[in-house]
Amino acid sequence: MSHDIKTIEHDVIVIGAGGAGLRAAIECSAHGLDTAVVCKSLLGKAHTVMAEGGMAAALRNADNRDNWAVHFRDTMRGSKFLGVYRMAELHAKQAPERVKELEDWGAVFDRTKDGLINQRNFGGHRFPRLAHVGDRTGLELIRTLQDHGIHQGFEVYMECKAVKLIKDGDAVAGVLCLWKDSGRFMLLKAKAIILATGGAGKMWRVTSNSWEYTGDGAAMAYDAGAELMDIEFVQFHPTGMVWPPSVRGTLVTEGVRGEGGHLRNSEGKRFMFNYVPERFASETADTEEEAAKWLAGDKEARRPPELLTRDVVARAIYNEVKAGRGSPHGGAFLDIASNRPAEYIKKKLPSMYHQFKELAELDITTTPMEVGPTTHYFMGGIRVDPDSQQATTVKGLFACGECAAGLHGANRLGGNSLSDLIVFGKLAGDGAAAYAKGLGTAPSISDDQVTDAVRHVTAPLNRETGENPFQLHDELCEIMGEHVGIYRTEDGLGAGLEKLVGWREKIKNAKAHASSQYNAGWHEALDLESMAVVSQAVAMAAKERKESRGGHSRADHEVEDYDHWGNINIILKKGDDDEMVLSHYQREAPDPFLEKIAKATVEELDAMTASGEVEI
Amino acid sequence: MAKRTFKIWRGNAEGGEFVTYETDITEGMVVLDAIHQIQSESANDLAVRWNCKAGKCGSCSMEINGKPKLSCMTRMNSMPATGEIVIQPMKAFPVVKDLVCDVSYNYERNKMIPPFSPRPREADGTHRMVQDDVDRIQEFRKCLECFLCMDVCHVHRDHGKQKEFSGPRWMIRLASLEMHPLDIVDRIPLIKKEHGSGYCNITRCCTEVCPEHINITDNGIIPLKERVVDRFYDPIAMLMRKVFGPRKPHKKLPVIND
């Protein structure tokens, strides 16, 4: 291979070492394939580690009325019926076994009195469904997969950034990678590539996301000809910290509300009672008394409105603040101290206790927290086949976890992310293994593609002068915050798109000073290129969707339009002249049985289960 | 607040020096914020490892005014009101560049530990463990792998016995397996020999720096040392083994009430 670039060949390359990537790699190894994982950080530090509340699976340990159909229905309703029915079905059916498998691999979940995996309540889930470990479930997941994974025989290339997918015709053939510590390149050849790179929340200043979340997978896939779907749906988590400024956006787990936390405005009112959407009204408590009964364990009582889906709660807090009823630092009060004893809070929410104590000098066992919306999650991403996770338009390319689209539609339920990782991580592993084994000859790589990519990637180091990459990142956050935030308008998005054109011109001139060794400025400059693709895609799709649904709220089109937009997914793909092309995908009619479950009332679904029409 | 002066170690494996920077400090900032501000303003190529900035990933370990800490959880208002703030990489690991160390030793040590191997699931497809029995290993499983405990362990830091002793992080990992109610592997001989549990002389420096407040020494290392002693140095047990054959490692199995 070309020049002095080291080339290594594997059967499958997994890009990303969070829950999805590690689960996929474990599966590929189990299929007997020579597998390698490439990750931007050290092993065990991926974004999964920050997940707090739990992973949703209808294990039926905490409430035996739960089953896959109820979980499926909750997921589809949460997605505002824009999720892919088949993916929601696979997810609900397979999540319990995936969670139990983690226990076989050493995970230690909190227990019920009977010694089984305990489950907690969360927004949008009808029954307590989240397997959890206090409020550090993500750490438990990643450490379990890491400690199991290192004995499965796959290679891990840490602190190594994938920069470009290399193709042979219409199929992937490898990926060019950059070692952060030395600044050297490495070419990995493979029959199949699995992207598990997460989201792109770093395009906003107020975010719960780590530096890694720059949309690399979506951008690389787009560049290689894949379709991006539902990318306008960005989840603003209702409860991020709002004070002090340096931690604005840091996540406050939904588990606080799951464990009984109330939201109040500056007038002391539990304002969520005023924001219950019609479709959820029959399943939501309408008085504080009923909500209190539910918390005390009364199975007849309905759920408190604080546990509505995240899109609803985030908009409610935003509107309360806008109406002048916010907390001193522009949020809402989240109060667990009045509802649970201090020892209980410290046991079930230890990292929240620690986080507020250390970073905000506030004791959550005595004082309400101040919280407000923070950029959290990408529902959209790479469009994939629901069963194999193969990208729709690039052979041999697979995607799973947050970088893939489909399961969550317009809004994700809390807890469905971690279960997404393990369910679809495994399926992507199966899909990639089947593809790789069926491939006759390994694809080949032309020197030119690699040479061009290296020249492009090293350009920020080689130009004489140019723009400061960190300041360019700041400018992007400014544009996205102002124009592509929680509420969007036609004019605002139009102006944002204009500004993004100018910004993309500037990043062509990003300059990285000094040597290529562990150069933070250079890495930032490369991440900007990923964000350039994804920011444009989000803004274009958001401007196109003239309705409000889930994570996408249009101030100028406030209703959910089921007749038109409810049947359409927006797709973005690279055109022949490298321009971004937007198209509408007319959704096919769902499986009638699945649709019946998804749209049934609680009573109808219970009847379907009792009659055996739904098998559990 | 006003401008503060930082002395940050810059360099690589070949050598380096402290470089002085100034930056504005505003309310609520942590040391990592200040480093990021310096990186953005005047040192774009400054190497610093970080991820979550919320005390959950354990990436941003460094020595701040000589104390090993997570820089994302160290508030500027906890620093002395005046004077320079000195920032350097962890001393017990080789430097890669600036504040970034080569921590690959840890990944090698982890690989030496035989993985978790559970007894079979029960007839109904579940594993049963009571909360009281898992509380103690859940404490160990809070570990972020920030490696601050490894940085202060004087067996490593001062005596360079990395080969002989795996260090506190890996003692805790071993303890979490050894005390796991479902696990059936006997790692006691390994803990003694390959991981060198005898080298720890219980100064509790590791426990002091743990950002997760894991009681590393008292709850993890000392019980492991006791199990090693029971196995290898207890004369009565040795006699019993001679007479009755080798004893299976005792693992307490949970008692479940129907």
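Calculation rules
- Residues numbered from 1 in each chain as written.
- Chains lettered and ligands numbered in written order.
- Predicted model: local features only at pLDDT ≥ 70, side-chain atom pairs only at ≥ 80, totals over all residues.
- Heavy atoms only, no water.
- Helix = DSSP H or I, 4+ residues; strand = E, 2+ residues; numbered from the N terminus.
- Contact = heavy atoms within 4.5 Å.
- Pairing = 2+ DSSP bridges.
- Axes fitted to C-alpha atoms, helices over the stretch in contact; angles between N-to-C directions.
- Domains from an automatic or database assignment.
- Buried area = accessible area lost by both parts, 1.4 Å probe.
- Salt bridge = Lys/Arg side-chain N within 4 Å of Asp/Glu carboxyl O.
- Polar contact = N/O pair within 3.5 Å; in protein donor to acceptor, adjacent residues only side chain to side chain.
- Parallel < 35°, antiparallel > 145°, perpendicular 65-115°, else oblique.
- Nonpolar A, V, L, I, M, F, W, Y, C, P; charged D, E, K, R; others polar.
- Buried < 20%, exposed > 50% of the residue type's maximum accessible area, 1.4 Å probe, protein only.

**Describing the environment of Pro238(A)**
Residue and element names in this part refer to chain A.
- Turning to its location among the elements, Pro238 is positioned in strand 13 (residues 234-241).
- When the C-alpha atoms of Pro238 and Asp110 are compared, they prove to be 25 Å apart, with 128 residues separating the residues in sequence.
- Dropping the residues within four chain positions of it, Pro238 is found in contact with Arg257, Arg310, Val313, Ala314, Ile317, Val371, Gly372 and Pro373.

**Quick notes on the pairing of strand 22 (residues 580-586) of chain A**
Residue and element names in this part refer to chain A.
- Two strands pair when backbone bridges link them, and strand 21 (residues 568-574) and strand 22 are joined in this way by seven bridges, in the antiparallel orientation. When the sheet's bridge partners are listed, Ile570 is paired in strand 22 with His584.
- Joining the antiparallel neighbours strand 21 and strand 22 is a turn of five residues, in which Asp578 adopts a positive phi near 65°.

**A short note on the sheet that holds strand 7 (residues 155-157) of chain A**
Residue and element names in this part refer to chain A.
- Strand order in this open sheet of five strands is 7-3-2-11-18, and the pairing throughout is parallel. The strands lining the two open edges of the sheet, one partner per strand, are strand 7 and strand 18 (397-399). Going across the sheet, the axis of each strand differs from the next one's by a mean of 20°, ignoring polarity.
- With four bridges joining them, strand 2 (residues 12-15) and strand 3 (residues 35-38) adopt parallel strand pairing. Within strand 3, the residue paired with Ile13 across the bridge is Ala36.
- The sheet contacts of helix 1 (residues 19-30) involve strand 2, strand 3 and strand 11 (192-195), and relative to strand 3 the element is tilted by about 170°.
- Against the sheet, helix 12 (residues 416-438) touches strand 2, strand 11 and strand 18, its axis set at about 165° to strand 11.

**Let's talk about the domain arrangement of chain A**
Residues and elements named next belong to chain A.
- By the assigned domains, chain A splits into domain 1 (6-235 + 377-444), domain 2 (237-374) and domain 3 (455-567).
- Placing the centre of domain 1 and that of domain 2 at their C-alpha centroids yields a distance of 29 Å.
- Contact residues are listed per partner, giving 30 residues for domain 1 and 32 residues for domain 2.
- Overall, the association of domain 1 and domain 2 removes approximately 2,400 Å² of surface from exposure, summing both partners, and the carbon and sulfur fraction of that is 44%.
- Together, Glu52, Arg77 and Asp135 form the three largest contributors to the area buried by domain 1 at its contact with domain 2, with a combined 24%.
- Joining domain 1 to domain 2, the criterion identifies six salt bridges.
- One salt bridge in this structure joins Asp311 and Lys80, with 3.3 Å as the shortest N-O distance.
- Element by element, the count of residues in the side of domain 1 that touches domain 2 is highest for helix 2 (residues 68-78), at three residues.

**Some words on the side chain of Asn416(A)**
- Summarising the element assignment, Asn416(A) is placed in helix 12.
- With residues up to four places along the chain from it excluded, the contact list for Asn416(A) reads Ala56(A), His71(A), Thr75(A), His91(A), His125(A), Leu407(A) and His408(A).

**Observations concerning the sheet that holds strand 22 of chain A**
Residues and elements named next belong to chain A.
- Ordered in space as 17-12-21-22, the four strands form an open sheet in which the pairing is antiparallel. Of all the strands in the sheet, the pair left with one neighbour each is strand 17 (381-382) and strand 22.
- Direction of pairing for strand 12 (residues 228-229) relative to strand 17: antiparallel, over a ladder of two bridges. Within the sheet, the bridge partner assigned to Met229 lies in strand 17 and is Gly381.
- The strands touched by helix 5 (residues 216-223) within the sheet are strand 12, strand 17, strand 21 and strand 22, with strand 21 carrying the most contacts at an inclination of about 70°.
- Running over the sheet, helix 16 (residues 520-544) touches strand 12, strand 21 and strand 22 and is turned about 45° from strand 22.

**Observations regarding the interface of chain B and chain A**
- Facing the 61 residues of chain B at the interface are 66 residues of chain A.
- Both sides together, the interface formed by chain B and chain A hides about 5,300 Å², and carbon and sulfur atoms give 50% of it.
- For the interface between chain B and chain A, the tally reads nine salt bridges.
- Where chain B touches chain A, the interface holds 48 residue pairs in polar contact (both at pLDDT 80 or more).
- Of all the elements in the fold, those that place two or more residues in the side of chain B that touches chain A are helix 1 (31-42), strand 6 (95-97), helix 2 (104-111), helix 3 (131-140) and helix 6 (168-178) of chain B.
- Per-element accounting of the side of chain B that touches chain A gives the leading share, five residues, to helix 3 of chain B.

**Observations regarding the packing of helix 2 of chain A against helix 17 (residues 592-599) of chain A**
Residue and element names in this part refer to chain A.
- Running from amino to carboxyl end, helix 2 crosses helix 17 at an angle of 75°, the nearest separation of the two axes being 8 Å. It follows that helix 2 is roughly perpendicular to helix 17 by the angle criterion. Across the interface between the two elements, Trp68, Ala69, Phe72, Arg73, Met76 and Arg77 from helix 2 touch Leu594, Ile597 and Ala598 from helix 17.
- Here the residues of the contact of helix 2 with helix 17 are counted per class, giving seven nonpolar, no polar and two charged.

**Quick notes on the pairing of strand 4 (residues 67-70) of chain B**
All names here are of chain B.
- Side-chain alternation along strand 4 places Pro68 and Leu70 on a buried face and Lys67 and Lys69 on a face that remains uncovered.
- In terms of strand pairing, strand 3 (residues 61-64) meets strand 4 through four bridges, oriented antiparallel. If you follow Ser61 over to strand 4, its bridge partner there is Leu70.
- Here strand 3 hands over to strand 4 after two residues, with Asn65 in that stretch at a positive phi of 50°.

**Focus: the environment of Arg325(A)**
Residues and elements named next belong to chain A.
- Among the structural elements, Arg325 can be located in the loop between helix 9 (310-322) and strand 15 (332-335).
- Owing to a relative accessible area of 25%, Arg325 belongs among the partly exposed residues under this scheme.
- Spatially, the C-alpha atom of Arg325 lies 27 Å from that of Glu560, the residues being 235 residues apart in sequence.
- Side chain to side chain, Arg325 and Glu320 meet in a polar contact 2.8 Å long.

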